[in-house]
Amino acid sequence: MADALKIGIAGLGTVGASLAKILVERRDMLQTTCGRPIEIAAVTARSKGRDRGVDLSAAEWFDDPVALAREARIDVFVELMGGAGDPAHAAVKAALSRGVHVVTANKALLAAHGVELAGIAEENGCILNYEAAVAGGIPVIKALRESLTGNTISRVYGIMNGTCNYILTKMEKEGLSFEACLKEAQRLGYAEADPAFDIEGNDTAHKLSILTTLAFGTKISADDIYLEGITNISIDDIRAAADLGYRIKLLGVAQKTDTGVEQRVHPTMVPLDSVIAQVDGVTNAVAIESDILGELLMVGPGAGGNATASAVLGDIADIAKSRPGAQTVPALGRPAASLAPYKRAQIRKHHGGYFIRLSVEDRTGVFASIAKHMAENGISLESIVQRAQSTTESTDPKTIILVTHATMEDSVRKAVGSVKGEGYLVGEPQVIRIERPKTA
Ligand SMILES: NC(=O)c1ccc[n+]([C@@H]2O[C@H](COP(=O)([O-])OP(=O)(O)OC[C@H]3O[C@@H](n4cnc5c(N)ncnc54)[C@H](O)[C@@H]3O)[C@@H](O)[C@H]2O)c1
Ligand SMILES: N[C@@H](CCO)C(=O)O
Ligand code: NA
């Protein structure tokens, strides 16, 4: 039997505590599948005394994660603290620099420093694994980094934030308020330490930036992502979408266009009869469109202690099974130095369908005026419907909903701007992009 693989875990919260429990409870099973025991040799967290439902007294305790990464006698440093800055950044760098493999679930860290860290891993011949960082338990990193080698990828998109999908599902199915749904997602351990990262779309953007790099071979560029979160989505939008045969999901989309690589995160209407529309709750889904394989759609748990720990464990097991000195898979799918600069596609040139919800004063000619502005900007409409608000008083505002055929974003912005200029809108217009799966 080979020597035990010694791991150091930094962070014993939702994910770290779940991982530690699984490693202890399934020690024998893991020893058989990995061909060697996996031993928790060192740990660190903010609070030493906290009960985590697992006995870690045999592991060396460190108060400082960077000291653990620098000094502990470990083969793998498992970073489960979170945050793009220190101590996560300094600790991961310290571990890789001395040839210690790293497993992390930290997408914020990779979005900010992934190229640098991948380079350090390559220089030191070590593995940097991060399956849990994108779409939780779904093996999307492995799929892009290894299984799809040789394919040319045209689009990657999906539901990549469990908290947002949980909120949107609960609002629609149980009629609960946004705030109540978010609290529940936090209680269940799905949300980030600062849930603004979830609901404002940053977490999806971090994940998307990693997938973009793996799919298109460009440097990670999370700051170049068009970003809209879900805080502006109302129950009225969700209901109107359903009436028209759509469901609203927060999607991350990366695709090649004539002007570069488009990366965008925003609430999106997907056809009700598509698979992605049926993906509920904390479940995530990632679709990858490629030329040899075709369309791959993966659906599975996107957040939560066990789902995430499962992906971390898979990464640790890969290291346990690897042969010392053997060639390692480059962290970002190809050598970090060979990644091309990222060229941002212009969102105004985005081509697709749009849902536009307008609240208007109940005046004669408004409907015709809106239709005229759409036509003047070359926008062809799939449907246009007018509804009364909840009360029937004739002076109350009316709601007009338009669904466009595929058109240029620039035209939609111009048309909506002209409509705003007419002075009959009540409140801000709601514009939501439509995304159509190729087949699924
Ligand atoms: N919770 C999920 O569903 C989930 C899913 C995928 C990825 N992740 C990622 O996994 C990581 C951990 O998430 P979590 O939900 O377990 O977080 P958490 O807040 O529950 O736990 C964080 C742990 O790190 C420790 N920690 C934080 N800062 C520290 C510091 N400066 N020094 C020492 N210890 C420190 C905390 O004490 C705690 O034990 C994050 O990067 C997160 O984005 C979480
Ligand atoms: N907060 C994240 C955790 C998983 O990355 C989510 O809700 O998806
Ligand atoms: Na994953």
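Scroll up a little and you will see the structure.
Before going into details, it helps to say that this report is about the structure given with it. These numbers were taken from a predicted model, which means no experiment stands behind them.

### Description of helix H6 (residues 140-147)
Then, number 1: Inspection of H6 places Val140, Ile141, Ala143, Leu144 and Arg145 among the buried residues, and these make up the whole buried set.
Then, number 2: The inward-facing, buried residues of H6 contact strand E6 (128-129), strand E7 (153-159), helix H10 (202-216), strand E11 (283-290) and strand E12 (294-301).

### Points about empty space enclosed by the protein
Then, number 1: Considering all chains together, one arrives at 3 cavities of 30 Å³ or more under this definition.
Then, number 2: Here the largest cavity defines a volume of roughly 50 Å³.
Then, number 3: If you trace the largest cavity, you find it lined by Ala118, Ala121, Glu122, Cys126, Ile127, Leu128, Thr328, Val329, Pro330 and Ala331.
Then, number 4: Partitioning the lining of the largest cavity into residue classes produces 8 nonpolar, 1 polar and 1 charged.
Then, number 5: Each pocket or cavity is described by its volume, and for the second largest cavity that value is around 40 Å³.

### A word on the sheet that holds strand E4 (residues 76-79)
Then, number 1: Spatially, the 6 strands line up as an open sheet ordered E3-E2-E1-E4-E5-E6, and their pairing is parallel. What marks the edges here is a single partner per strand, and that holds for strand E3 (60-62) and E6.
Then, number 2: In this structure, strand E1 (residues 5-10) lies alongside E4, joined through 4 bridges in parallel fashion. Pairing of isoleucine 9 across the sheet is with valine 78, part of E4.
Then, number 3: Sitting on the sheet, helix H4 (residues 88-97) touches E4 and strand E5 (101-104), and the angle it makes with E4 is about 165°.

### Structural notes on the coordination of the sodium ion (ligand 3)
Then, number 1: For the sodium ion (ligand 3), the full set of protein donor atoms is Glu131 (O), Glu131 (OE), Val134 (O), Gly136 (O) and Ile138 (O), at a range of 2.3 to 2.6 Å.
Then, number 2: Counting gaps between the donor residues of the sodium ion (ligand 3) yields the pattern E-x2-V-x1-G-x1-I. Grouping residues by exposure puts glutamate 131 and valine 134 together as buried.

### Let's talk about unusual backbone geometry
Excluding glycine, residues mostly carry a negative phi; peptide bonds, for their part, are mostly trans.
Then, number 1: Between aspartate 86 and proline 87 the backbone carries a cis peptide bond, its omega angle lying at 10°.
Then, number 2: Checked against the element boundaries, proline 87 lands in the loop between E4 and H4.
Then, number 3: Positive phi values are uncommon outside glycine, yet alanine 135 reaches one of about 55°.
Then, number 4: Inspection of the secondary structure assignment puts alanine 135 in the loop between E6 and H6.
Then, number 5: On the basis of relative accessible area, alanine 135 is assigned to the buried category, the value being 0%.

Reading guide: rules and limits
Residues numbered from 1 in each chain as written. Chains lettered and ligands numbered in written order. Predicted model: local features only at pLDDT ≥ 70, side-chain atom pairs only at ≥ 80, totals over all residues. Heavy atoms only, no water. Buried < 20%, exposed > 50% of the residue type's maximum accessible area, 1.4 Å probe, protein only. Helix = DSSP H or I, 4+ residues; strand = E, 2+ residues; numbered from the N terminus. Contact = heavy atoms within 4.5 Å. 1 Å grid on protein atoms, 1.4 Å probe; cavity = no way out; pocket = protein on both sides within 12 Å on 5 of 7 lines; lining within 4 Å. Points joined across faces, edges and corners; volume = space filled by probe spheres on them. Nonpolar A, V, L, I, M, F, W, Y, C, P; charged D, E, K, R; others polar. Pairing = 2+ DSSP bridges. Axes fitted to C-alpha atoms, helices over the stretch in contact; angles between N-to-C directions. Donors = N, O, S within 2.8 Å, 3.2 Å for Na, K, Ca; no water.

In short, the description is geometric, and any link to function would need to be established separately.
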